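Residue strings, one per chain:
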Amino acid sequence: MQLEPLKTLAAKHSNRRILDLFETNGDRAQKFSASTGELLFDYSKTGVDDEIRSSLIRLCDEAELAERRDAMFAGEKINETEGRAVLHTALRNLDGGPVRVDGQDVMPGVLETLQRMRVFAEEVRGGTAKGAGGSFTDVVNIGIGGSDLGPVMATHALSPYHDGPQLHYVSNVDGAHIADTLRALDPTRTLVIVASKTFTTIETMTNARTARAWMVDGGGDPARQFAAVSSALDKTEVFGIPSKRVFGFADWVGGRYSVWGPVGLPVMIAVGSNAFDSFLRGGQAMDLHFQSAEWIENLPVMLALLGVWHRQVLGYTSRSVLPYDQRLLRLPAYFQQLEMESNGKSVAMDGSTLTIPSGPVVWGEPGTNGQHAFYQLIHQGTDTIPCEFMVAAEGHEPELAHHHRLLLANCLAQSEALMRGRTLDEARAQMMEKGLQGDELERQARHRVFSGNRPSTTLIYPKLTPFVLGQIIALYEHRVFVEGVLLGINSFDQWGVELGKDLATSLGPIVDGQVSADGKDSSTAELVAYALRHRD
Ligand code: F6P
């Protein structure tokens, strides 16, 4: 990626303030925003001007983005290090045409599995599928990473549509997680879904075995009360789950992109198959937009280009996702996997070392809670952290519309405050009004200065419906894809998670006290010794 022209522009405008851009350009908000359907993405509160935007857009053509995008949708094996196609988009291609991998149309299989999911979900919801003690009151999804974060995030997001059994998620191998979850449940009326693409993940398999033992001990029937979601169908058989309750997906669906298919089964059970279809249609609408809109009008592309501007050009090391939507409380965690597992890499597709920064740290919390926690640093800390705000025009609780107005006002106030700041003179005037003078006024005023000029974007949508959620998730997926193409990396592998897994396996017997820690570094050996000393 040729960043020099952009770095030159950044240097040229290093003293320019975002607020000044609004003064010189009356229709800046219209010019520096993009929309699709009813989503509006406003990036006018960033330092980007016409010239910078044109240079950013040029990067897309230099990187042959259109060709790479089309290759992904066409089922080419763009995940080169694993020799796989990348086709999570096929899972939401509800009425699209054929999608071929190695010459085979994958759509009949996708639609057949989706139909089986619908039937099963409605049986569970309607009480025709039963456990040993009767219809299912609770569903426990056991999975981790992409087999957990997507459905957890979507379950919270769609809670107003939730009319199925109660949902629970167990991911951590920490026994506390499963113990606390199962404690209140009836082992004869709980459905357990084991979700694992590989069906080998140690956390998930350990939790699944514990859940099965709990069920058997409590009089439940695992043959009726377990379902599985996986790409490794042979392994689900070994675990003893009957094939009619196994929902498969192909290796061309990456874990962190898998919520659209069988991994979304718990969400479908919670909200029903119609609402889940609507979620898929939202994702599909974003696919069509990504494939057809000009770069300047293209939301995923503009979101990605702003990411590149802030991270690779200006060097900001993190970005904060700030949904002013309590039901999106798990969205930042979901985006962390989506973005950091995809683009946290330092080797380019061709094996060479990346010479520019990789993707940034992604973090966040819903507003307004974050305001009372970490916004201090965002406003006055020494680092600039681009903020990505999200907010709905209205909530799901008409009787609480006054809450929603406060939420919206807070969201807009934060982006305005970040941009505008407060000068020393303004701070002095404020202190003077409070009766301060002289040295004390000067000292107090300096603490109340906000540098401002801190960039943010805002995504606003009418209401958090299943369709809108689908649009938002697909928007960010494609944003990650575009950033990966511009960086020249493979966004679809995750080799960086392997080493820790290998070492955990080798440390198992050491931590059990069966094998000595000789050969380990002294820090690890001391920590093991401490744990062994303090164990009952
Ligand atoms: O540890 C990383 C990872 O491989 C993720 O990419 C994946 O989402 C997660 O583990 C869970 O994997 P699985 O679905 O195979 O259990």
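First, a word on what this report is: a plain description of the structure on this page. Computed from a predicted model, the values in this text were never measured in an experiment.

Cut-offs used in this document
Residues numbered from 1 in each chain as written. Predicted model: local features only at pLDDT ≥ 70, side-chain atom pairs only at ≥ 80, totals over all residues. Heavy atoms only, no water. 1 Å grid on protein atoms, 1.4 Å probe; cavity = no way out; pocket = protein on both sides within 12 Å on 5 of 7 lines; lining within 4 Å. Points joined across faces, edges and corners; volume = space filled by probe spheres on them. Helix = DSSP H or I, 4+ residues; strand = E, 2+ residues; numbered from the N terminus. Nonpolar A, V, L, I, M, F, W, Y, C, P; charged D, E, K, R; others polar. Phe/Tyr/Trp six-rings, centres within 6.5 Å; stacked < 30°, edge-to-face > 60°. Buried < 20%, exposed > 50% of the residue type's maximum accessible area, 1.4 Å probe, protein only. Lys NZ or Arg CZ within 6 Å of the ring centre and 35° of its normal. Core = buried A, V, L, I, M, F, W, Y, C linked by side-chain atoms within 4.5 Å. Contact = heavy atoms within 4.5 Å. Pairing = 2+ DSSP bridges. Axes fitted to C-alpha atoms, helices over the stretch in contact; angles between N-to-C directions. Parallel < 35°, antiparallel > 145°, perpendicular 65-115°, else oblique. Left-handed = near helix turned anticlockwise from the far one by under 90°. Disulfide = S-S within 2.5 Å.

### Things to note about the layout of surface pockets
- In this model, the largest pocket occupies a volume close to 1,100 Å³.
- Here the lining of the largest pocket takes six residues from helix α21 (residues 498-511), the largest share from any one element.
- Per-class residue counts for the lining of the largest pocket are 13 nonpolar, 19 polar and 10 charged.
- Taken as a whole, the second largest pocket holds about 510 Å³ of empty space.

### What about the packing of aromatic side chains?
- Enumeration over the complete set of coordinates arrives at 16 aromatic pairs.
- With centroids separated by 6.3 Å and ring planes inclined at 35°, the aromatic side chains of F481 and F492 adopt a geometry described as tilted. Placement of the pair is F481 in helix α20 (residues 466-487) and F492 in the loop between α20 and α21, with a sequence separation of 11 residues. Comparing F481 with F492 shows no difference in burial state: the two are buried.
- An aromatic cluster is built from F73, Y257, F290, F481 and F492, whose rings are joined through pairwise contacts.
- For the cation-ring pair, R28 lies above F22, with the distance from its terminal atom to the ring centre recorded as 5.5 Å.
- The ring of F32 carries R28 above its face, with NZ or CZ at 4.3 Å from the centroid.

### Quick look at the nonpolar core
- Grouped together as the largest cluster of nonpolar side chains are 114 residues, with contacts concentrated most on F335, M390 and L469.
- With 13 residues, α20 is the single largest residue contributor to this core.
- Apart from residues lying up to four places away in sequence, L469 is in contact with M153, A154, A157, L158, F279, L328 and L464.

### Structural notes on the sheet that holds strand β9 (residues 190-195)
- Strand order in the open sheet made by the five strands is β8-β7-β9-β10-β11, with parallel pairing throughout. Taken across any chain shown, the strands that pair with only one partner, and hence form the sheet edges, are β8 (166-170) and β11 (246-248). In this sheet, adjacent strand axes meet at a mean angle of 15° when their direction is disregarded.
- When strand β10 (residues 226-230) meets β11, the two strands line up parallel, connected through three bridges. Note that in β11 the partner of S230 across the bridge is G248.
- This element, helix α6 (residues 107-126), spans β9, β10 and β11 of the sheet and lies at about 150° to β11.
- Contacts from helix α9 (residues 202-217) reach β7 (138-142), β8, β9 and β10, with the element oriented near 160° to β9.

### Thoughts on the packing of helix α5 (residues 65-73) against α20
- At a closest axis distance of 10 Å, the pairing of α5 and α20 adopts a crossing angle of 130°. Considered as vectors, α5 and α20 are oriented oblique to each other. You can see that α5 and α20 cross each other, and the crossing is right-handed. On α20, the residues touching L65, R68, R69, M72 and F73 of α5 are H478, F481, V482 and V485.
- Among the residues forming the contact of α5 with α20, the class breakdown is six nonpolar, one polar and two charged.

### Brief notes about the sheet that holds strand β2 (residues 39-42)
- Spatially, the six strands line up as an open sheet ordered β1-β2-β15-β14-β12-β13, and their pairing is mixed. Edge positions in the open sheet fall to β1 (33-36) and β13 (361-364), since each of these has one partner strand only. Taking each pair of neighbouring strands and ignoring which way they run, the sheet shows an average axis angle of 15°.
- Where β1 meets β2, four bridges bridge the pair, whose relative direction is antiparallel. Pairing of A34 across the sheet is with F41, part of β2.
- Set on the sheet, helix α15 (residues 331-343) makes contact with β12 (318-324), β13 and β14 (387-392); between it and β13 the angle comes to about 175°.

### Side note on unusual backbone geometry
- Geometrically, the link from G367 to T368 is a cis peptide bond, its omega value of 10° lying close to zero.
- Along the chain, T368 falls in the loop between β13 and α16 (375-380).
- Of note, the phi angle at E64 is positive, near 55°, even though the residue is not glycine.
- By secondary structure assignment, the location of E64 is in the loop between α4 (50-62) and α5.
- Positive phi, close to 50°, is recorded for D102, a residue that is not glycine.
- Secondary-structure assignment places D102 in the loop between β3 (100-101) and β4 (104-105).

### A closer look at the state of the cysteines
- Following the criterion strictly, the structure yields zero disulfides and no others.
- Free of any disulfide, C387 has its nearest cysteine sulfur in C411, 10 Å distant.

Any functional reading would require information beyond the geometric quantities listed.
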